Structure formats: C-alpha cells, structure tokens
Number of protein chains: 4
Amino acid sequence: MKNLLETIHNRLNLNQNNLLTIDLFDEFLKENGIAISDTRIKPLRTYIKNATEFISLQPKMDALYTGTNEQFVQRLLEKQLIIPEFSFFRDHITEISKEVQSNCNGKVADYIPELKNIDPNQFAVSICTVDGQVFNFGDHETDFCLQSTAKPINYAIALESQGETYVHKHIGREPSGKRFNEVTLNDQGLPHNPLINAGGMMCCALIEPESSSSLRLDTITKVWQQLTRRKPLVYDSAVYKSEKLTAHRNYALAHLMKEVEAFPTDTDLEETVDLYIKTCSLKVNTANLASAAAVIANGGICPFTHKHIFSNTTIKDCLTMMSFCGMYDFSGEFAFKVGIPAKSGVSGAVMLIIPNLMGITIWSPNLDSFGNSVRGVEFAHKLTERFNFHNFDSLIGNCPKINPRIRKKVSKVKETID
Amino acid sequence: MKNLLETIHNRLNLNQNNLLTIDLFDEFLKENGIAISDTRIKPLRTYIKNATEFISLQPKMDALYTGTNEQFVQRLLEKQLIIPEFSFFRDHITEISKEVQSNCNGKVADYIPELKNIDPNQFAVSICTVDGQVFNFGDHETDFCLQSTAKPINYAIALESQGETYVHKHIGREPSGKRFNEVTLNDQGLPHNPLINAGGMMCCALIEPESSSSLRLDTITKVWQQLTRRKPLVYDSAVYKSEKLTAHRNYALAHLMKEVEAFPTDTDLEETVDLYIKTCSLKVNTANLASAAAVIANGGICPFTHKHIFSNTTIKDCLTMMSFCGMYDFSGEFAFKVGIPAKSGVSGAVMLIIPNLMGITIWSPNLDSFGNSVRGVEFAHKLTERFNFHNFDSLIGNCPKINPRIRKKVSKVKETID
Amino acid sequence: MKNLLETIHNRLNLNQNNLLTIDLFDEFLKENGIAISDTRIKPLRTYIKNATEFISLQPKMDALYTGTNEQFVQRLLEKQLIIPEFSFFRDHITEISKEVQSNCNGKVADYIPELKNIDPNQFAVSICTVDGQVFNFGDHETDFCLQSTAKPINYAIALESQGETYVHKHIGREPSGKRFNEVTLNDQGLPHNPLINAGGMMCCALIEPESSSSLRLDTITKVWQQLTRRKPLVYDSAVYKSEKLTAHRNYALAHLMKEVEAFPTDTDLEETVDLYIKTCSLKVNTANLASAAAVIANGGICPFTHKHIFSNTTIKDCLTMMSFCGMYDFSGEFAFKVGIPAKSGVSGAVMLIIPNLMGITIWSPNLDSFGNSVRGVEFAHKLTERFNFHNFDSLIGNCPKINPRIRKKVSKVKETID
Amino acid sequence: MKNLLETIHNRLNLNQNNLLTIDLFDEFLKENGIAISDTRIKPLRTYIKNATEFISLQPKMDALYTGTNEQFVQRLLEKQLIIPEFSFFRDHITEISKEVQSNCNGKVADYIPELKNIDPNQFAVSICTVDGQVFNFGDHETDFCLQSTAKPINYAIALESQGETYVHKHIGREPSGKRFNEVTLNDQGLPHNPLINAGGMMCCALIEPESSSSLRLDTITKVWQQLTRRKPLVYDSAVYKSEKLTAHRNYALAHLMKEVEAFPTDTDLEETVDLYIKTCSLKVNTANLASAAAVIANGGICPFTHKHIFSNTTIKDCLTMMSFCGMYDFSGEFAFKVGIPAKSGVSGAVMLIIPNLMGITIWSPNLDSFGNSVRGVEFAHKLTERFNFHNFDSLIGNCPKINPRIRKKVSKVKETID
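The model shown is predicted, which means the values in this text are computed figures rather than measured ones.

(A) Molecular detail of the relation of the copies chain A and chain B. Structural alignment of chain A on chain B gives an RMSD of 0.1 Å, achieved by rotating through 180° and translating 0.0 Å along the axis. Seen this way, the second copy is the image of the first under a two-fold rotation axis. A share of 100% of interface residues in chain A that are also interface residues in chain B marks the association as one of identical surfaces.

(B) The arrangement of the domain arrangement of chain A in detail. With domains assigned, chain A is organised as domain 1 (2-77) and domain 2 (94-386). Listed per partner, the contact involves seven residues of domain 1 of chain A and six residues of domain 2 of chain A.

(C) Representation of the interface of chain C and chain D in the model. In this assembly, 38 residues from chain C lie in contact with 38 residues from chain D. Going through the elements one at a time, α14 (312-325) and α15 (331-337) of chain C are the ones with two or more residues in the side of chain C that touches chain D. Partitioned by chemical class, the residues of the side of chain C that touches chain D number 15 nonpolar, 16 polar and seven charged.

(D) Layout of the relation of the copies chain C and chain D. For the pair chain C and chain D, the relating rotation is 180°, the translation along its axis is 0.0 Å, and the fit reaches an RMSD of 0.0 Å. Take the interface residues of chain C: 100% of them recur as interface residues in chain D, which is what a same-surface contact looks like.

(E) Quick peek at helix α14 (residues 312-325) of chain B. Compared with the 20 Å implied by 1.5 Å per residue over 14 residues, the 20 Å span of α14 of chain B between its first and last C-alpha is a close match. A large share of α14 of chain B lies buried, amounting to 14 of its 14 residues.

(F) Spatial organisation of the interface of chain A and chain B. Contacts between chain A and chain B engage 38 residues on the former and 38 residues on the latter. Among the elements of the structure, α14 (312-325) and α15 (331-337) of chain A are those that each provide at least two residues to the side of chain A that touches chain B. Here the element with the most residues in the side of chain A that touches chain B is α14 of chain A; it accounts for six residues.

(G) The pairing of strand β7 (residues 349-354) of chain B, seen in detail. All names here are of chain B. Most of β7 sits out of view: six of its six residues are buried. The alternating pattern of β7 places A349, M351 and I353 and V350, L352 and I354 on opposite faces, both of which are buried. Bridge count between strand β6 (residues 342-344) and β7: three bridges; the pairing is antiparallel. Residue pairing for β7: S344 is matched across the bridge by V350. Following β6, the chain reverses through four residues before pairing antiparallel with β7; G348 in that reversal takes a positive phi of roughly 105°. Note: β7 against strand β8 (residues 358-363), six bridges, orientation antiparallel. If you follow L352 over to β8, its bridge partner there is I360. Hairpin connection from β7 to β8: three residues lie between these consecutive antiparallel strands, with N356 at a positive phi of about 65°.

(H) Spotlight on the packing of helix α6 (residues 151-162) of chain A against α14 of chain A. Residue and element names in this part refer to chain A. At a minimum axis separation of 10 Å, α6 and α14 run at an interaxial angle of 145°. Seen along the crossing, α6 lies across α14 with a hand that is right-handed. Residues P152, Y155, A156, L159 and E160 of α6 touch α14, and the partners they reach there are T314, D317, C318, M321 and M322.

(I) Broad picture of the sheet that holds β6 of chain B. Residues and elements named next belong to chain B. The sheet built from five strands is open, its strands ordered β3-β2-β8-β7-β6 with antiparallel pairing. Looking at the sheet topology across the chains shown, the edges are occupied by β3 (134-138) and β6. With direction set aside, neighbouring strand axes in the sheet form an average angle of 10°. Across the sheet, helix α13 (residues 286-297) touches β2 (124-129), β3, β7 and β8, and the angle it forms with β8 is around 150°.

What counts and what doesn't
In this convention, every chain numbers its residues from 1, walking through the sequence in written order. All chains are assigned letters beginning with A, and all ligands numbers beginning with 1, in the order in which they are written. For this predicted model, a pLDDT threshold of at least 70 governs which residues receive local features, and a threshold of 80 or more governs which side-chain atom pairs are given and counted, while totals over whole chains, interfaces and linings are taken from all residues. Only residues with pLDDT of at least 70 in both copies count here: their C-alpha atoms drive the least-squares fit that superposes the copies. Here, residues touch in the contact sense if the C-beta positions derived from the backbone fall within 7 Å of one another. An automatic or database domain assignment supplies the start and end points of every domain. In this description a helix means any DSSP run of H or I spanning at least four residues, a strand means any run of E spanning at least two, and both kinds are numbered starting from the N terminus. Charged residues are taken to be Asp, Glu, Lys and Arg, nonpolar residues to be Ala, Val, Leu, Ile, Met, Phe, Trp, Tyr, Cys and Pro, and polar residues to be all remaining types, Gly included. Residue count minus one, scaled by 1.5 Å, sets the expected span of a helix. Any residue whose C-beta has 12 or fewer other C-beta atoms within 10 Å is treated as exposed, any with 20 or more as buried, and any in between as partly exposed, C-beta atoms being built from the backbone. For two strands to pair, DSSP has to find at least two bridges joining them. To define axes, lines are fitted to C-alpha atoms, for helices over the stretch in contact only, and angles between the resulting N-to-C directions are given on a 0 to 180 degree scale. Here is the rule for handedness: rotate from the far helix to the near one, and if that takes an anticlockwise turn smaller than a right angle the crossing is left-handed, while a clockwise turn gives right-handed.

Structure, rendered in structure tokens:
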C-alpha cells in the first residue's frame, strides 16, 4: 500500500502545506465520477477524512484502510478508468440533458389508469460506467415502475436458470413486425421474442415454475437488488392493482398461449400473469436502473462488487434482443439511427446499453405514438450523434464523433478497452 | 530508419552467423499473415533479398528501402498487429475450414440456368484483417459471381454519392419479414431495405442516374477495383445473359416500383435492371472479396493503401443493414446465434465483417433452403462459437471464448484495439 | 269445406268400396313428406281416422275438422307443394345419404374433452321444406350440441333486437381470410363477421345486455323453441363445463375485444363468454335443426305455424354471412363448388339453406382438417351436383340438373315458387 | 297463327274503327319494353305497318309474317314476360337514375393517361331482361372501354374452351382480401381469382394459347359480338397504347407469374399482356353491355336469338366470382348491402346481373376510392333497396320490397319465374 499512498501524493492536488485534505480528495472523486459512498474507496476515504483534516501519508497507517479496492484505486489515480476524462464527458451529457428537457411533446400512458396521474414534466438521466463512474441529472431519486424495462432482466433470469435451448423452445427470437395491438404468435405458435408482452409473460412462466408464487417473485426481486444494490426493492401495489384490472391484452395473449400449448405443461395462467404484472410494477429510480444497465454493459459483472450476476451467453442474447426489439415498433428505425441496445417501458423509462462501456437510463413520462418516452428517444439520438456509441461506429479511425474512451489531448496514448 | 533495422535485428530469428536471410524474413512475414507481395514491406523485403543472401544491417543502406511503411513495420515487429498471434489464429481457422469442408449438404442454385453447372464441391475461405494480415484456404483463386454480395457495396456507393437522407427517401431500412418469393414493398411503397432485390435495384437506380449506362457500370467497377485491388474486374457475360432471360422476379419488382412511383422520376426501368444484373455478375475470388470486407471492417479505409473509400456513416449504415437483413429469411436467427454482419449470395459466397478486426469470405456453391451457402453458414457458426466475434460478446472479461486480439501467454499486457 | 272433401275424394286413392281409409290417407301424407302429426292436417286426419275405418265424406261432419289449414290441404291435394314429387326427391336424397354414410374419413373434434367420447359412426340427415315437407334418415333422434350452428341464430336474434346498423357497429361483415387459430380482429378492431368465434361472442353481448344472465339465455332458448317446436330445449351441462375449462381461445378473443373496446361499454366479459358457451351447448337433433333451417329458407316464417320469427332483412343478412363465412376456411371453396348458404359446427352438424325451398341438416361427428363434418361436406357436394341448388344455377332453362320444384312428366305446367 | 291474330285483336287497344294501327302496336311494344327493331316481332310489325295504316286481321295474310317468334308474341300479349308491368318498372328505374345523376362525387381514373380527358358528367343506364325487354337512360349510345368488365367474359370464354378443372389449376377462386396495389398471388402461387388483374391476364393466357395473337383477339371479339349483337366491335387504339405504356402493375404481375411458373408452359408473357390490354380496350355502350349481362342472367342463352353462348356451369362459376370479387376491395360490403353479382371497370362501367331476371349496366366515369363508379354503386344500392333483387331477399312472402316479376294489382295470380 505504500505505492498507492505515494501515487496519491504524486497525482492529486495538495493544499499549500503539501497535504491532501478530504475536500481535495472528494473533489478528485467527483471529477472522476466516483461516488463518495463507493465501497471500493470507502476505507481509504475514511482514513483520509479522519486524519484530522489532512494526511501526511505515513506508511504505518496502512492498517486503517484495509478493504479498499487497491487495483481500482490505482487505475483511478492513473486516469485509466473506462472514461478517463469523466468531467468532460459529464459536461456533454449535461448539455444534452438540458436540450432534451425542453421537449414537452408526447403524452403520458393512459391505458393503465394509475399511470395517468403522474407529473409529465419529471425528467431524470443516470449513467453508470463499467468502472462504476456515475452521473445523475434531474429527478433521479424519484421512483417509477419498471414496466417493460423489467423484460430483459426477466429474460436473463430465465436464461440463467433454464438455459438458452429450453427458453427458446418456448419463445422466438426475431422482431415481430406486427403492430403493437395485434395479438399474434409466430409461425411456431410462440411469442415472437422475449421483449414483447407475450414473451415477457413466458419468461415469467419459466422462472422457478415449481415454486410458490411468492418465492418466484422473491427470486426476481433478489436479482434486482443485486443489480441495483437497493434494498428493499418492492412493487407498487396501486399500479399493480390498476394494471391487473385492465390487463385485457395480456390475458388475451396468455389465453392464446394456453390454447396453442406454448407454455410448459402445468403452467398456471393466472399466476403467470400475476407474476408478470408484479415485475412490471417494481419500483426503481434512474440511478438504480443505470446501475443494472451497467451490469449488462459489463458482461454480467457488477462494476462495484465484481460479482458475476449473468454469464456472457446470457448478456449476449439479452443485448441481441434489445438491439432488435427493445423499442416496440420503432426498434428497426432506432437500431438504424441510434444503434444502441435499448429497452423502454410505458412508465417513460428508457434503458440504453453501450456494451463494454456504460449503462444509461432516461426517465420522462411523456410517450410518443410508439409508446416510447419522447425525451428518452431524443436523448438517445443526440447521444449517438455526438459520441461513437452506435453499435457500428468505427472504433479505429475514420469516425468523426467523440470517443470518450480515450484521454483528451493525450492523443499518442493508446486507447484501451480493458 | 536506423531504429527499424535495429528492431529487426533484435526481434527476428537470425541464422547461425547472426544474420537475417530472406528465408527467415519471409517466414516471419508468413507467421504474421503478411503477404510477401504486400506493398507496405516490398522495398524492405527487396533490400533484404538483394543483400546477397543476408544482411548485415548497415545504416548506410537506408536509401534502398524508401517506400516501406515504417510505422506498419514497427508495429509488425513489436507484435502489435490486430491479430498478434496470427499463426495460432490461422491454425484455428484451418481446423474449422476442414471440418466445414466435409459438409456436402445443400444444392446449387438452379434458378439461373448458368449457375447450375458449377462444381458443388468447390470451397474457399479467405481472411483479411484491418492490418492487412491475410489467410487463404482452398479454391481461393477461383472466380465466382458476386450475386447479392454486390448489394452492400452498391448501397455504400449510393450513400456516398447521394447521402443517407436521399437514399432512404427511396429505400426502407428494416427487415422485411417476408418470404423470399413474395413481391411486395413496405408500407411507404418502397423496398424494405437495400439488401433485398428491390432495394438492390433501387441502389443501382440511385448511382449516377444522369450518366450513360456504361459509365455507371464503370463507376461501380472502379470502386470494386479499389476494394479488391484487382484489375481488371469484369462481369461474366454468360451468367449476365442467363440471368437476364430469367429475371422475372426482378422485372416484377421493378415494374411494381415504377407503378407506385418508388423510383426517382425519369428512372429508366430497363437500364436499371440491366445495371443491377451486371453488378451481380461481376467476377471475384474469395481473396478479393475478403479484401473488400476488410475495408468495411476497417471503417471504410483500405488496410493496404490507407485510402478512405467509404465514410464512417456509410460503413455504419451498411453494417447495420448487414446485421439485420444480410442472410435472407435466416437473418434473424443468424443475428441471434452468430451475431456477425454478413451478406450471402446465391453463387455460394458469404461475406462476414468483424468490425474493427477483419473481413472473412467463404465460398461454396451448395445452398440451404434459405438460399445461403451451407458451408458458409456452418463456418460462421463455428467461428462465433470459438472466438468472441459475436456482436454482443463481452470484450471485458466474462467471455470464455478466444479473443485473438490479445497476445497469447502474455496475459498481463493490456488488450488494445488501436 | 265441401270442396275440400270433394277434392280429397277425387284426388286420393280409395279402397275397393270407393272409400278413403286412414291407411290410404297416411300413405298419401307420407308420399308428400307430410308428418301424420303435422298440426295443419291433424283435425282432418282425426276425422278420417275416427270414421270407423273409412269415410263416406258426409258434408254434415264439417264441424269435426275445424282447425285444419284448408289452404294448405288444397295445395297438398293439387300437388302444388314446393316439392310436388316428394317421394321422387326422397329417393334421391336416400341414395345420396347411403353413399355418404360409407365415408369414414376424418376424426372427432378433440379440443373439447367432452366431445371426444362420441361414437363417430353416427349419421343423420333431415330435410324440411318451406311447405313443411319433412324427410329424416339415420340417427335423426339423437341429440348433439349446436356448437357453431348456434351462431347464425344468435346473429339473427341480435339483428332483430338491435337493428343491422347497431349490430354492425360492433361486428364486421366480411370473410376473415385468416387461419382458424389466428386471434385477430379486423382493421376497425371488430370481429370480422358474426359467424366466427369473436363475432359469435359479440352477438351474445348484444342480446338483451341489460337483462340478467339467466333471462338472456331464456330469450335465446325461446327462439330456438319456436324454430324447432321442441320443448324443453336445454343445454348439455357436461359439454358446457368441459368447454368452459378449455375455452382459452375464446377468452383470448374476449379479452382482446375488451382491450380494443370493441364491446359496448359495460359489457361483462365473463358473462358474455358464459352465455356464448351455453348457446353452443344447446342440444338438438337433426330434425329440430332442419326445422330451424326451413324457417330461414322460408324468409323467416315458420312453415308449420306461419309465425313470423325473423324479418326479411334479418334473413337476408344471415344468408349472406352463411354464404361467405359459414364453413370456416373452406367457405370460399364451398361457395364456389356447392353454392349453398351453410353453417357447420365442431359437433359435426352442417346446416344447409336452399332459399325459398328447404332447410337441410346433416350430422356426423368426424371432421376434416377445416373442422367441418366430412360427411356433411360430401353430402352438400353430391346434393348440388344432382339438383339445381347452387346459388347461381340457372332456374330458367340451360341447367342440366334436376329441378325438384317442378312436376315430373308434366312439363307443360309452369314451374312456380309460391 | 290464327290464334295469335285473334289474341292481338282481343288484347291490344284498337282505334275507333276497331282496327290496330302501327302506332298503337308500337305503343304496346314500348309499354312492354320491346324494341321496334326486335327481330322476334319484326315480320309481324312489318305486316301491321304495311297494312295501309291499319290491319283488319285477315287470316289469309298469314304468309306475310313468317319468321315472327310466335311463342314470344303469345307471352307478350298475355302479359307473361318476366317483367309483366314493364312501364311501372321503367318509371321506378327512371326515378332512381335521375336521383343518382345528381351525385357528382368521385373522380375520373387518372392512372391511364388516355382516360383522364373524359367528360365526367356522362351517365347512362341500360337494362335488358331475360325476355329481351330493354330500357335505356342518358348517354347509352356513347362508347367507353370495357376495362375490367371484360374479365367475367374472358373468364367465361376460358372456362368454355378449357374446362373448369384446367382453368382453376391456373387461377384461384377466392376473394383476395388484399389491397388494390399489393402485387401478390395466393398460397399456391396463382392469381386469387379471375376477376383481378392477375387472373384476368391468366384467362387471356388460357384462351386459344396455340393460336396467333390476332386470331385469339378475334375469338374474344366474336363472343362479344354475339353477346351484344354489335358489329363491328373493336378496341380503342389510343387507350390501348396509353395503357400499354403505363401498365407497370400488370407487367409486375405477369413477370411474377412467370417467376413462380403459374402460367402454362410456353406462355408468351408479352403477347399475353398485350391481348389482355386489348380486351380491356374494347369499345361498347351501356345498351351493348346490358345485352351481354342479360345473357349471363339468362343462364348463358341470348334472350333475342336463343343461342346458347355459355353453359350453366360457366354461368354459375362466373356469377359466383362476380358476387365475391367483382367490385374490387368493396366486394364484401357490396355483397352484403347490395347482394347482386357485379363487375366494375375503371372506365366507370358497372355491370349488374339479377339471375333469371335481367342484366343492368351503369356507366359514369367518376370513381370512388375503391375504383368503382360512384354513380354505379349508388344506383345499385338504390335498386336493391326498392326491389327484391338482393341475392338473399326472400321470394316467397315476408319481403316488403317490390317484386317486379309479378303482375301489379293482380295479387291473386301466382308469381312465376318462368
């Protein structure tokens, strides 16, 4: 740890007494997008804070900061986090967010009565990189329901527990090319893909089918707690009840799937629809959802805890589906112009995944005619116009967009992605 | 150039006299996938060859190798090419190629009489990386017609000359979800996308519409010459004639587009169909087509000449279309399981693009029921099972597949993509 | 009535004593297809029967046969019933029935468990003309459930009570062109027509919506009692229960219609589906159903009681729908080759209407791949090959088929249709 | 003939001298809808005319009127023609015609340049009964092109020469359910039916395929001459040329049919399209077309010459198709509300067939959005509201509409249809 302290001393700004104050350290963290509550630096920060307003960097103090993620701190100090110039990046995102905020088009989803009463002006943007660098804008502490943004995670849970082959014996994997309100299955009598309602219900049917109803919800909730590091994470019972009463389309699809024997035998229709609606009603804020999105961007590994939540295969399948079918009937156009795997929900949430880089969540209740958040879609367009985040932007020369993965003004340094 | 010579001396195997022979140099080139005819090392190689069987590395000889791409040679010597362990990679590809070669399923396309008589056992694989590292297997010097593999390039040429907005006023950009033999346009009365026949003809209609028929073909041929560095590059007149006589589906589509006024005003139907069929009949071998594919993988820049042939925007649009619609009705499944932008043609060619990494071309005339080369599809599957080439494979940990972008056994070294 | 008795004396066969016995009278009735229980001749027959084995035709007995439909008897005696040569016609129908009976193809519907256990060899044919001439063959006293043959009547009841305009604000009136198991509505979000399941449920929703569930069923049952003159007429509770448990497709459709607001406001989904399934489970035999069919053939008027049950408009709409959509996906082909308005049900019943002439019912449980009774369809084909019953067979010369509306061998006599 | 003359004397109005003048006779003819040029009464009329202004009905003059259709004259005199009260009927039709004439909605077809310049106010109605009673209103002597009204006749000619089985190996027989501008074939790769463009071309391909191009047109023209008794009957070369230049949709369909091998082998695509367009360009007036329609109404027999032009089977198939598919995408609604087999053409012609009764032709160039003549469709609606002409109107009581088949004020008389 001696080296680490030396590096801190060498790299960070010090006060006139050549000492590191907690204020200077916190400023450094902020500059790099690291939350002061980040567990990876917590013992170190406590040490610095408690060093009676300054530190003199005595090696004998080593014992105090056991628990710090040394490797992470080293990379942080060496400006080797995935977004090396985080404040520069943050300024761009803030600018885009403000531009998007002025767009008041669209209207709040009205098909679920309980969603109608929401304040349409609310707006939040949250970012979390694969190195746990975070940024929040606007109402990022306000809760909303996941709605369809629950689908990729339900799909991932089903994949992890049942395997790709079994899951896709019950769900297709192609865009449907069907209008929103058409109630059909594909040529094999299966939901077209896991990200439309029929597929979402099927995923629920595949999660611990032998367990009791409450245990199954528990399993799903626990994954969300790992993804968001939020506890407790619960569903909104008013929205759940409201949605259940008006869930005619979902019941239509579920009965249709029963009819054509798309479900595994013994699937309880009522219980499946119920579980599905409960997962749609789970409450999160954009910071939580960005955190979950970062896990997907990071190949299934939590950036903060380094826990393996999903395998590479699961993430690969999940991102493929999101890139094809995540934005309802706008998915094709979104894939062309924006080129970022995404999933939106009628609560106004949009989750964007820049693989190997970051997760982004936008939340704003006003929806366009496709059912996607107006501001969410505009944000995504502006993002991809400015940064080389399109799935097929060239990463090796010839792309005029900003590449935030490399250090500014230090053009000779190799861009790295690990 | 002194440094370069020193590096050569330090890095390469020398003979017992501590000297570098041309044999040793050529072996080194081969090991790294660099052709001995590669212009980037030609003067250097000539110098080494002519140094009466050996070189003693005299600085005064510098003048002799003017024209060598010094930066490239430096990276080559430092094992920093995009596939640092090329012979290891080549062994894997050879293994896959041999496995695939034993698959004799499928049958040769019979709808164009002239294609029927081809020997179905022919098989070739060619690879070209963004650093110009090449690999060839089988009948890579045998010519075949581009057929639908011409479409992405026709699309790219149209984009470059007319701009994305104008091109997509005349062509849609979503998968069609329609069976092969259905003759329809999308809801706006346009071809669904540039990679199906209707869209392919529309691209031809958008290329230099004001020019004469022969000049337009000339323009297209010249782009192919740049992409493949093959001269002359001509169309197969027997196939062209045969195809023209039986092109009822294409005429049906062209008349339909005329009917609904999908074409720009003044488009000559007959001339458009003719130009389209001629581009389908252009003759190349897999080595040529891999070279063209490498340009797309490299963001539009030729790996050998560093000439900018297509812009980032063009490449982005082209890859998006290839990832959605390149493999006929198998495109959705291919995107899910293989996850590599691709285009196949009924001649049996399949072009795969691993963005930022390499282009791959497989050619084998036997087709499956979708019209894709049986061996081409199997090759792609095996490739993506072994290497992390799926569009959504994680590049940062958690992926159990081989990542040929990093040096073997030198795990501490950072993986780089530039 | 004097004339009538004289006519009887002149027209009928008498015994050697020049007297009319009841046996001779019954033989005459049978020859003309008139049941001995027919109320229109009942008092007359009782008189003849009670005349101590013979009648001497005393005018003073007149009072005894009050209640006889004199006009009908007159036409009967003058060979002016709609099928003047009924025994000739009956022989043909018997021949066809026997031919058809030998066809053992198809299989019993298995999607409703309770229907599976039926004896597939059962077979019945019943005919009832617009003049109440009847013919029965086979198991015509065995009950079966109406299933979809209930639909034209539910439609007619809805039309009578709500009017064509209102009914068709909630139901379309075109063939669907959709496969059996596709769950869709038309472009206006309505059932395609009243004869498919969605339309059948909608008709139920439109019948006395303000009444209680049991009163609504009562209303429908009463119409069936009038049509069939069978009392009581009840539903099969075992089939009803079995069908309700497996009615996923119907629930899917009902929820879908709720979702798109196809139903009138306040429609109770559960009650509607329930009423629909109960009407499908009503039990009749072929003689009953032929009687109902004869009412439709007779412009809505009961041939026996002359009661106006449905208006001309209702009958016109009903027959139009039957001619377009009555035989599931086989409707188009049936309309072309057979050309008779019809409706089949999965219980194996087929109801045929020859407008202005007769109703015919065939029942045989084995179904073809379209869900139509195999023998029912074959019967219809053979019928239309032999008689000029196709909707567009010429009635004025040039048609080589038998026209049973005219007297045999009495070619000079004008053919009449009243 | 003695009887006939006596009947004339007894039935017709005579002048004050108790004699029959030619004026009185002509008035009688007109009252019954019989043209003074009708060949069936020509010799008789000539006799009456030449009898120095009057006739005294001398039996010895018999020889003079040889050639008169005596049976027809008998029925005419006995008020037994199919419309016994023709002037009453004519008054109704005149009233409807005048109402319809005030409707100036719609617009002239513009897709064939030559059709654009027509005067949209033109309007004609012609009727011809199965007894050759005729009525004309408006511009009934103005020629127009058959366009799609040629299709039922082309279909009939193909049926007569090749047989139903062969014809329907190449053409389907169900409504397409497809929008006008969709270019598709049915599931078997055949035109959906003979009354859409693809089917129309196929019918042409099936008519004397082995003959020369001009002989084939000759064959078709000769049938039209028999149907209309008009000679010569020729095509409009300006319309033909104009249509040929813009026939992209037809070429698209023809190439598509070539592609899927829907045509009989050896079918010459260019010649087929050419023949098809020529038949569309044949010139007639409404009186001609009503005459042709009357042949179809009369089971294929010409009312005037009693020549058998088409068989009952051909007429049955033809009427079935017309009742399902004759009015483009409005066919379903037309079948429901109007219920009369019909065919319209973009020239503004509508041909209606009341089987066993009459043919009616309306011509007015303004079209609605379906491509049907606005006035033609309105006329059909008004006609069916007033008369019991709907295919499924009850003919035996219970229908409140006018039945022109029966004698007015003579309600006791049986309604007859022969």
